Every structure is written in C-alpha cells, then in structure tokens.
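Overview (structure and organization)
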Amino acid sequence: MNLAVIGTGYVGLVSGTCFAEMGNQVICVDNNQEKLSKLQSAEVTIYEPGLDFIFYRNIAKKRLSFTDDLKYAVNSSEIIFLCLPTPQGEDGSADLKYVFGIAGEIGKILKESGDRDYKVIVNKSTVPVGTAVQVAGILKNFGLKNFDIVSNPEFLREGFAVEDFMKPDRIVIGSDSVAALEKMKLLYEPFVRQGNPILEMDTSSAEVTKYAANSYLAMRITYMNELANFCEKVGANVDMVRKGMGTDSRIGKRFLFAGIGYGGSCFPKDVNALIKTSCDYDSEMKILTVVDKVNHAQKLVLVEKVLSYFNNDIKEKHFAVWGLAFKPNTDDMREAPSVVLIKKLLELGASVSAYDPAAIETAKFYLNNSVTYAENEYDALRNAEALIIVTEWNEFRNPDFSILKSTLKQPVIFDGRNIFTPEKMQELGFTYYSIGRKPANV
Amino acid sequence: MNISVIGTGYVGLVSGTCFADRGNRVICVDNNPEKLRKLQNSDVPIYEPGLEILFHRNIQQKRLIFTGSLEYAVLNSDIIFLCLPTPQDEDGSADLSYVMGCAKNIGQVLTKNACTDYKIIVNKSTVPVGTAFKVRDILKAEGVENFDVVSNPEFLREGFAVEDFRKPDRIVIGSESRRAIEMIRELYEPFVNQGNPILEMDTASAEVTKYASNSYLAMRITYMNELANFCERVGANVDMVRHGMGTDSRIGKRFLFAGIGYGGSCFPKDVNALIKTACEHGSPMNILEIVDKVNREQKFVLVKKVMEHFNGDVKGRNFAVWGLAFKPNTDDMREAPSIYIIRELQKAGAVVSAYDPAAMEVACRHFDGAIRYGQTKEEVLKGADALLVLTEWAEFRSPEFNGIKDALKNPVIFDGRNIYSPERLAAMGFTYYSIGRPAVGDDIKK
Ligand SMILES: NC(=O)c1ccc[n+]([C@@H]2O[C@H](COP(=O)([O-])OP(=O)(O)OC[C@H]3O[C@@H](n4cnc5c(N)ncnc54)[C@H](O)[C@@H]3O)[C@@H](O)[C@H]2O)c1
Ligand SMILES: NC(=O)c1ccc[n+]([C@@H]2O[C@H](COP(=O)([O-])OP(=O)(O)OC[C@H]3O[C@@H](n4cnc5c(N)ncnc54)[C@H](O)[C@@H]3O)[C@@H](O)[C@H]2O)c1
C-alpha cells in the first residue's frame, strides 16, 4: 500500500520504517529541517534498538523516503498517518494545534486535487476523546467527502519500539467506516500473524483506550511506589511483597517495580490529559488526580534519603549520578525523574557528575552546564560523596564494585531503581539505601 | 501431619477440609454452638461449590473432626491454624481481639498441661503488619517457649474457595524460623505440584502481601468503575476500552469489569485496614483513600439512573431485584452493593421484591423483612416497574426475555453488572441501562 506518515518522531519514524519493512511504500514527512536532512542522508535520529538495521534496508530498497512536501505525500498515498506531537498544554490538556494544523493543510491539499481519490486519515497521536470527530469536521469544512477518519492509537514503548511495533499485543482501530476498517486490517494483518487481536471499535472508545491503558499503568507503578514507602516504615521488603502480589494471576508480575516515579513523554502527559478531559466532562477520574500528585512527590524520595544521611546539609558536597534518561534503552529525557532530582540537589548547594549511556546529549537541553557530564560510569564517581542511581540501565547492574569503593569518597549508594540487593551490598561493605527495602550498613 | 484449625468460617472450613483431603488429620474448632452442631451433624454451613463432597468424604474417613474444645485440638496437633475473623473496627483498622484472645488461650492451654512439644502457630487470618510478633509475645508472656509463629495469608476467593485452595496461584509463608518454614512447606507441597511457587519471606512482608494484593485488586476495579462513568459521559463504550486495555500483556484481561462497586467481607475491610496502618506509620496510601471513597459512591450510580428514569420520583413503584450476594457463587452479603441500593430505593418510597439463588436467607438479617423474596427469578418480576440486576449469577445471563417483557409493567432493565448486550436488548424493545455503555431504548434521549 502507499502510505504517508506525518511527523517522524519516535512513533512516526518507527511506524514508517516498520510499515516499509512489510513491503509498503512509505513517504515520511517532517517540517524540522535539521531532522529531515539527517533522515535524508540515511541517519537515524533517535536511539531505538533494532531500528537502524531495517531503516537502512528499506531506504536502500526505496520503500522508505523522507520529505517536507506534504502535498506530494498526501497525493501519493491511500492512507495518511498523523504521528504528530500532542504535548501537554498549560492546563494539563493535550495541545492539539499540530494535529488540527495538519488536518487543515491536508484539507486544502485534497480540495485542490478535487477530492478525487478516497483517503483514510489515521490518527496515531495520543489525542483526547472527540478528536477524530473534530478532524473530520475540519475536512468537511473544506467540502470534502471522499475520506474516512480512523483512530489507531499506538502502544509501542520507547526502547522496545521496533519489537513492539512488529509484534504488538493488540491493534486498536476505531472507525465508523467499514471501508476504512477493512483497509486498516489489511495493512496490519502481517503484524499479528501469531494471533494477537485486531480490535475494531468506535473512534471514541479507541481514543479513550490509549489514555486508559497508559493511566492504568501509571497507577500501577504509583501504587507500588506508595506501597514501597510503607514497606520501609514497617520493616517489610517490597521485593517480597511484589513477588507475593505478582504471582496472583489477576495481578501479573510485570510492571510492578517500585522506584522514584514514572516519567517520559507519555505517562505524565497522558495521565494529566485524562484528568483534564474527565473534569471537562464533569466525571473526574479522582484516582488519577491522586496518582499524579503522589508521583510528583516520589521523584524526590531519594533526595530525602540523601539529606537525612548527610544530616540535612549537602552544601558543597559532590554526587555521582548514574542514569539520566527516564528509563533504560532510550535517550528520552522528557519528565525524567533525574531532572527533578538533580535540580533539587543543586538547589541545596550540591554539585553533580552524571553519566548516561545514551541520554547525555538530550539531557543538555534540560540541565545545560549545571552538571558535569562524565565519559563513563566510573569517571562520574571521582570526588563524589555518594553514588545515586536514577535509571536502571543494564550496564549498571554488574559494575566493578572495587572501583566503586576505591573511587567514591565514602562507599555510599542511593539506588532509586533497586538494581542491587541489600544483602549483597551489606556483604560488600556499602552503605546502601533503596526503595521499599531495609537499608544496609547503617 | 496433625493439624488444628481454629475458626471454621469460609477460610477455616475450606482449609481444614482440603488439608484433610491430602491425608492430614485435622481437628476444627469453633465456639459458635449452632455452627458446631451443624458441622458435627455433617451439615455444611456455608455455600461453596465442591465443598460438600470433600467434606463428607473426609468426615467418613475420620480425618476431619469438629470440636468446641480448643484444649483438645491444641494438645493433639503440631500445627495450629488461626482462621479467625478480623472484622473492621470503628476506625477502619482490623479488630484483632479474636486473634489475640485465641493466642492467649493457646498459651494458657499449653502451660496448664505442661506441654513442651514444638508447636507452630500459623496465622491465616488477614492481619496488619506486626501481628505475628504480637502473637509471639503473647505466647511468650504465657510462658510458652517451644514454638514458632508463621504468617500464611490466605488468597482463596469465595465461590471458588475449594478450587483456589487446591490449586493456588502461590503460597506465601512468612516466618523468621527455618524449621517452621520447612514444615509448612512440606504441608503445602502437594498443592503446588504443577509448579506454582511457594514464596518464603519474613512475617512482615507476608502480612503486607495480603493487604497489598487485595487492595491492588480493589483499586483495579475502582479504576474501571471511574473509567466507566467517564465513558458514559463521552459516549465511549467501556467494554471496548476494556478489551483494548486487557490485551496489553502488562495489564491482563481478568478483573477489569466495571460495575456497581466492590463489596464482600474482604476488599472493603482490607482496603480500610491498610489505609489505617499506613497512616499510623506516617506513610499514607493516598491512592487507597481515594479508592475507598470512589467505591462508596459507585454503589449509588444505579440508583441515580433509576431516579433519573422515573423523573426523580419512585414513590410507590415496585422494583424487581435479581441478585443480592456481593458476587455470584456465594451467600455472603457483607458490604454487598445490593444493601445500599435497596435501602436507598426504599428510602425514596419504592417497594422491592428480590431473588438470589443462594443469599436470601442471609439477606433476611440485613433487611429485617422490609423486602419480599421470590422463590424464582421470574416470580419477582410480576407487576414491577423495572428490573435491577445487582449480581451476575450465571442463571441471570440467558433469561427468557419475552417472559421478562410480559411480566414487567414497563420493559426497563437497570443492569449493574453489564451482563446483557445493549444492541440485543434495544432490538427486543427494552429500555436498558448499564455501566459505562450508552443507554438504549426508545425513551432514551439521545
Ligand atoms: N513516544 C512514545 O513512546 C509514544 C508511544 C505511543 C504514542 N505516542 C504518541 O504519539 C505522538 C507522537 O509522539 P512522538 O514521541 O513520536 O513525538 P516526537 O515529538 O518524537 O515526534 C513528533 C514529530 O513530528 C514533527 N512535526 C511537528 N509538527 C509537524 C508538522 N506540522 N509537519 C510535519 N512534522 C511535524 C516533529 O518535528 C517531530 O519529528 C504523541 O501524541 C505521543 O503521545 C508516543
Ligand atoms: N472469606 C474470604 O474470602 C477470605 C479470604 C482470605 C482471607 N480471609 C480472612 O480470613 C479470616 C477469616 O475469614 P472468614 O471469612 O473465614 O471469617 P468467618 O467469619 O466466616 O469465620 C470465622 C469463624 O471463626 C469462629 N470463631 C470466632 N471466634 C472464635 C474462637 N474464639 N474460637 C473458635 N472459633 C471462633 C466463628 O464462629 C466463625 O465460624 C479473616 O481474617 C479474613 O479476612 C477471608
């Protein structure tokens, strides 16, 4: 099929590349010239395991191309995917100006071409309920008839984006048009050969589904975080409790890890957007209001531990931070707990050396020169009073503890991701604080 | 092994019977004379599918006996299970008087008889973190030395209690004693031969695990309920959204059904107890506080729909109610949404006729004669202004819809459990309200 993908961020670039991999002809559009020139010279612009390989292959096979010419892309395609940003607006709601802006441009283009060919406009961005109807309205205002709107929310996870896109748990397609649903099913069938479902529904339910799933997961994490704080107080071990809960087949063992709060480009904004929409409809999701509040507080629990260890005074103390990205396997820094945590340390008069395997470049946008960026994880440790672990990159899991001990001023670790066990740290002679477990050597 | 089980309610009777069924000798103790008399006459006092067969078989084989004598039981067993009530106190915390009282009695019995045999006291009741230590201290204060305390929370579900006990997802054993853990492990191994885990941990973590699991599930339901209310407002369909969510392998498809709030003897009290303990330790579970509040409100959403449909006035109207138990396959009425809904309707001047396949006898205690009961689900429909479905018993799922239509004054159904399809009911001429899905019918304003 001939496809256009508008917006080549995490979602657009991965979707476009994977669709091309299945033999479709894909034209990707972006209006960011810097990004575009990189893509046009076959350079991958995001950090995403497994992407580069299929990216090069499909460019070479001429199935994947990049342009800023929206008109060309729209006129050459049967299906047009919108993978545009929907960032959080001031009041928490999703900012739809990119989506509506492009819808208007597409309207103009289709009108010029005389509304000749049937087009399916698919919204893959995460958008509030009702957006599909609004987009349809915009196109209708141009007098267009020969089109359908589909809501097809994307569930890929950064860091596993290619794997998730190629083998999704499910595909959700929302539309009122049988013709559009059939076309979409045809496009997606190669991705669900193992039998995972393609779920057809109305556009409203599809739009709600995306927010509902993400917010549910945010709630799940937040519940574990509150529980971890409680476990610490009563001397229980959240790892044990997690296993006890996770073996309940109704609960499941995934996504139950306590830590220092969720971040990233999706959970915080999606939770806030659902809160906002639900309030607008006078049906507040009260649980989520609390989830959001608790999550903000959770980003600072590690700082509290640091403060209480250093008797509330960390002025002129130096700290090493491992991990900046909001989670491993990504360079995404949006809403990362690291930013909140580091800013707080600096505010209290401390200084920071930070290392991250992928996110240093993106981190500079948020932290500028306020911290020193280290070459590698051991380099970050020099002159530090303690190590603070913020992101659970695999390479942090088995470090050379003797270097850690000899480089740090004191063998003290604050672990926001529970990547070591207190027993092992006790044995190795580290003072060790983690989340929801008893500290070691205190 | 020689086991005694103190307290023969849902948990005690099922545990005792299933332990006996694996060849152990089990002495069950209860201090409720009426219950005890029934049990001693081989009469099962609770409704629990599959229990009767095992119960009779093991009584016949003399592996399962019932007594009122705690002394006899304690002296003749190595492992003593406490399956006592831990009801909600006025302030929301768990009332530990039964557990502590029993621990003290056990201590007294052992000391009085100068019994120094090693005993394991296993707590199966749901109790706040720290209780195992308190039980230990009580026994020590009575002068008992040769014993260990184990926390072994029970996860069975009413209605599937036997199945759950015989094939548990997992067994949690919390103890500070190796010896005790090994013995309890041996007792449970026949129940997990398919490979489900036996998780060993400290008592505190085991105690927290039970509350954490139940509260998590209560939160899961409440999230779906809030989402359902939202879906109604925006014209989405919570069933579709549920499919879309449940197919996410991190979320899972079970236990995502929107409805009229959780009830029963466990979720409400466990959520409240965890809220209470967390506050006491200066570490509030903010999420659960809101879960509890939202769940209370959810019990009234169906009443709101009824009131709206009848323009705010139900005085003198008759309502048929299908289902009283807090969930299907049980006669448990504790904290059942039906109680709140029926009382609210009565307060507004309505008359209620109800049918439940198992819980009517128990329900009598809650409503003291203020409602009529029908012998069949059809009987309560006659002349009613509408039908309310409050519990999703299997027998309500495929009724004779023409019969319902003929019997009711108006073909109106308020379904708190989403057991029917709106499209089908609309096609058959019903006005149909459910949870989180668009209402259907000729008289619904679009
Ligand atoms: N990142 C994720 O993990 C993820 C997962 C699922 C869903 N989503 C949703 O998908 C949407 C896109 O997310 P993302 O992370 O890919 O965003 P992104 O910011 O990484 O990418 C958006 C791209 O759109 C381009 N763009 C902006 N305006 C444009 C215009 N007028 N014409 C052409 N291109 C334009 C930008 O230059 C950028 O490259 C959001 O709604 C997001 O919530 C994201
Ligand atoms: N019901 C469930 O589904 C379930 C599931 C898991 C855990 N639990 C927990 O297990 C515990 C027991 O729950 P249940 O539902 O079986 O309670 P229940 O009220 O059905 O049974 C308790 C039994 O203990 C007896 N009893 C009270 N005091 C006694 C005493 N001093 N000596 C002897 N017997 C005495 C009562 O007569 C009653 O038969 C509670 O802590 C509950 O939270 C219940």
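Residues numbered from 1 in each chain as written. Chains lettered and ligands numbered in written order. Predicted model: local features only at pLDDT ≥ 70, side-chain atom pairs only at ≥ 80, totals over all residues. Heavy atoms only, no water.

**Some points on the overall build of chain A**
Our working definition: Each helix corresponds to a stretch of at least 4 residues labelled H or I by DSSP, and each strand to a stretch of at least 2 residues labelled E; elements are numbered beginning at the N terminus. For the radius of gyration, the atom set is restricted to C-alpha positions; the globular benchmark scales as 2.2 Å times the number of residues to the power 0.38. Only protein chains enter the accessibility calculation, which uses a 1.4 Å probe; a residue is then buried when its area is under 20% of its type maximum, exposed when over 50%, and partly exposed in between. Contacts are assigned to residue pairs that have any heavy atoms within 4.5 Å of one another.
A tally of regular secondary structure across chain A gives 17 helices and 14 strands. Over its C-alpha trace chain A gives a radius of gyration of 24 Å, about what one expects of a compact globule, namely 22 Å for 442 residues. Reported as C-alpha extents along the three principal axes, the dimensions of chain A are approximately 75 × 50 × 40 Å. Counting the 442 residues in chain A, one finds 59% classified as buried. Looking at chain A alone, contacts between residues at least 24 apart form 73% of all its contacts between residues at least 6 apart.

**Brief notes about the domain arrangement of chain A**
It is common to give the size of an interface as the accessible area lost on bringing the parts into contact. Residues and elements named next belong to chain A. Definition in use: Throughout, the edges of the domains are those of an automatic or database domain assignment. As used here, buried area is the combined drop in accessible area, with a 1.4 Å probe, of two parts when they are placed together. Here a salt bridge means any side-chain nitrogen of Lys or Arg lying within 4 Å of a carboxyl oxygen belonging to Asp or Glu. The definition of a polar contact used here is a pair of N or O atoms within 3.5 Å, where within protein one atom must be able to donate a hydrogen and the other to accept one, and adjacent residues in sequence count solely through side-chain atom pairs.
According to the domain assignment, chain A consists of domain 1 (2-201), domain 2 (211-297) and domain 3 (299-433). Between the C-alpha centres of domain 1 and domain 2 the distance comes to 30 Å. Contact with domain 1, which involves 15 residues of that partner, is made by twelve residues of domain 2. It is Gln88, Thr126 and Val129 in domain 1 that bury the most area against domain 2; as a group they hold 38% of the surface buried on that side. Across the contact surface, domain 1 and domain 2 share one salt bridge. One salt bridge in this structure joins Lys276 and Asp91, with 3.3 Å as the shortest N-O distance. At the surface where domain 1 touches domain 2, the tally comes to five residue pairs in polar contact (both at pLDDT 80 or more).

**A closer look at the site of ligand 2**
Residue and element names in this part refer to chain B. Cut-off, in case you're wondering: The rule for a residue being near a molecule or strand is that one of its heavy atoms must lie within 4 Å of it. Only the protein chains shown count as cover for residues, and all accessible areas are computed by the Shrake-Rupley method using a 1.4 Å probe. Residue classes follow a fixed rule: Ala, Val, Leu, Ile, Met, Phe, Trp, Tyr, Cys and Pro count as nonpolar, while Asp, Glu, Lys and Arg count as charged, and any other residue, Gly among them, counts as polar.
Asp30, Lys35, Thr86, Glu158 and Lys269 are the nearest of the 26 residues found near ligand 2. Between ligand 2 and the protein, one listed contact pairs an oxygen atom with a backbone N or O atom of Val11 at 2.9 Å. Within the side chain of Lys35, a nitrogen or oxygen atom sits 2.7 Å from an oxygen atom of ligand 2. When ligand 2 sits alone it has 840 Å² of accessible area, and the protein chains cover 88% of it. When its residues are assigned to classes, the shell around ligand 2 shows ten nonpolar, nine polar and seven charged.

**What about the site of ligand 1?**
All names here are of chain A. The environment of ligand 1 is made up of 27 residues, and the closest members are Asp30, Lys35, Thr86, Glu158 and Lys269. Contacts to ligand 1 include Asn31, whose side-chain N or O atom sits 3.3 Å from a nitrogen atom. One of the side-chain N or O atoms of Thr86 is found 2.5 Å from an oxygen atom in ligand 1. Here ligand 1 has 830 Å² of accessible area as a free molecule, and 90% of this is covered by the chains. Looking at the shell around ligand 1, the elements with two or more residues in it are helix H1 (10-21) and helix H5 (97-112). A per-class count over the shell around ligand 1 returns eleven nonpolar, nine polar and seven charged. Both domains that furnish three or more residues to the shell around ligand 1 are identified here as domain 1 (2-201) and domain 2 (211-297).

**Details of the pattern of salt bridges**
For the coordinates displayed, the defined rule picks out 54 salt bridges over all chains. The salt bridge involving Glu385 of chain A is made with Lys409 of chain A; its shortest N-O contact spans 3.3 Å. Here Glu385 of chain A is found in the loop between strand S11 (372-373) and strand S12 (386-389), whereas its partner Lys409 of chain A is found in the loop between helix H16 (401-407) and strand S13 (412-415), with 24 residues between them in sequence. The class for Glu385 of chain A is buried, based on a relative accessible area of 11%. Here Glu182 of chain B and Arg178 of chain B are joined by a salt bridge, their closest N and O atoms 2.7 Å apart. Placement of the pair is Glu182 of chain B and Arg178 of chain B together in helix H8 (residues 178-188), with a separation of four residues, close to one helical turn. According to the relative accessible area criterion, Glu182 of chain B is partly exposed, its value standing at 38%. Overlapping salt bridges bring together Arg178, Glu182, Arg185, Glu189 and Glu200 of chain B as one network.

**Describing helix H3 (residues 51-60) of chain B**
All names here are of chain B. Which entries qualify depends on this criterion: The arc in question is the one spanned by the directions pointing from the helix axis to the C-beta atoms.
For H3, the full list of buried residues reads Leu51, Leu54, Phe55 and Asn58. What you see down the axis of H3 is that its buried residues fit within an arc of 100 degrees, all on one side. For H3, the exposed residues set more than 90 degrees away from the buried face come down to Ile53 and Gln60. Where H3 terminates, the next one or two residues include Lys62, which has phi positive at roughly 60 degrees.

**Overview of the nonpolar core**
To keep things clear, this is the line we draw: The term nonpolar core refers to a set of buried residues drawn from Ala, Val, Leu, Ile, Met, Phe, Trp, Tyr and Cys, joined through side-chain atoms within 4.5 Å.
Ranked by size, the top nonpolar core spans 192 residues in total, and within it Tyr223 and Leu227 of chain A together with Tyr223 and Leu227 of chain B carry the most contacts. Among the elements that take part in this core, helix H9 (residues 203-234) of chain A stands out by supplying 17 residues, more than any other. For Tyr223 of chain B, the residues in contact, after removing those within four places along its chain, are Tyr211, Ala212, Ser215, Tyr216, Met219, Leu274, Met285, Ile287 and Leu288 of chain A together with Met245 of chain B. Grouped together as the second largest cluster of nonpolar side chains are 40 residues, Ile3, Phe66, Tyr118 and Ala180 of chain B included.

**Thoughts on the packing of aromatic side chains**
As a reminder of what qualifies: Two rings belonging to Phe, Tyr or Trp (six-membered ring only in the last case) form a pair when the distance between their centres is within 6.5 Å. Interplanar angles under 30 degrees mark stacking, angles over 60 mark edge-to-face geometry, and anything in between is tilted. Here, a charge over a ring means that NZ of Lys or CZ of Arg falls within 6 Å of the ring centre while also lying within 35 degrees of the ring normal.
Going through the model one piece at a time under the given rule, you end up with 46 aromatic pairs over all chains. By way of ring pairs, the aromatic residues Phe19, Phe81, Phe165, Tyr188 and Phe191 of chain A are connected into one cluster. The positively charged end of Arg157 of chain A is found above the aromatic ring belonging to Phe160 of chain A, 4.3 Å away from the centroid. If you follow Arg157 of chain B out to its NZ or CZ, it ends over the ring of Phe160 of chain B, 4.4 Å from the centre.

**Comments concerning unusual backbone geometry**
All names here are of chain A. Of note, Glu335 is a non-glycine position whose phi angle comes to about 55 degrees, a positive value. Counting through the fold element by element, Glu335 comes out in the loop between strand S9 (318-322) and helix H14 (337-347). Of note, Asn418 is a non-glycine position whose phi angle comes to about 50 degrees, a positive value. For Asn418, the position within the fold is in the loop between S13 and helix H17 (422-428). Assessed through its relative accessible area of 14%, Asn418 is described here as buried.

**A few points about the interface of chain B and chain A**
Counting residues at the interface gives 62 residues for chain B, matched by 61 residues for chain A. Around 5400 Å² of area is buried between chain B and chain A when both sides are counted, 67% of it from carbon and sulfur atoms. Interface area lost by chain B to chain A is led by Tyr216, Tyr223 and Arg250 of chain B, which between them contribute 16%. Linking chain B to chain A there are three salt bridges. One salt bridge connects Asp248 of chain B with Arg170 of chain A, and the closest N-O pair in it is separated by 3.8 Å. Counting across the interface, chain B meets chain A through 25 residue pairs in polar contact (both at pLDDT 80 or more). Elements with a contribution of two residues or more to the side of chain B that touches chain A: strand S8 (198-201), helix H9 (203-234), helix H10 (238-246), helix H11 (267-280) and helix H12 (286-298) of chain B. In terms of residue count, the dominant contributor to the side of chain B that touches chain A is H9 of chain B (21 residues).

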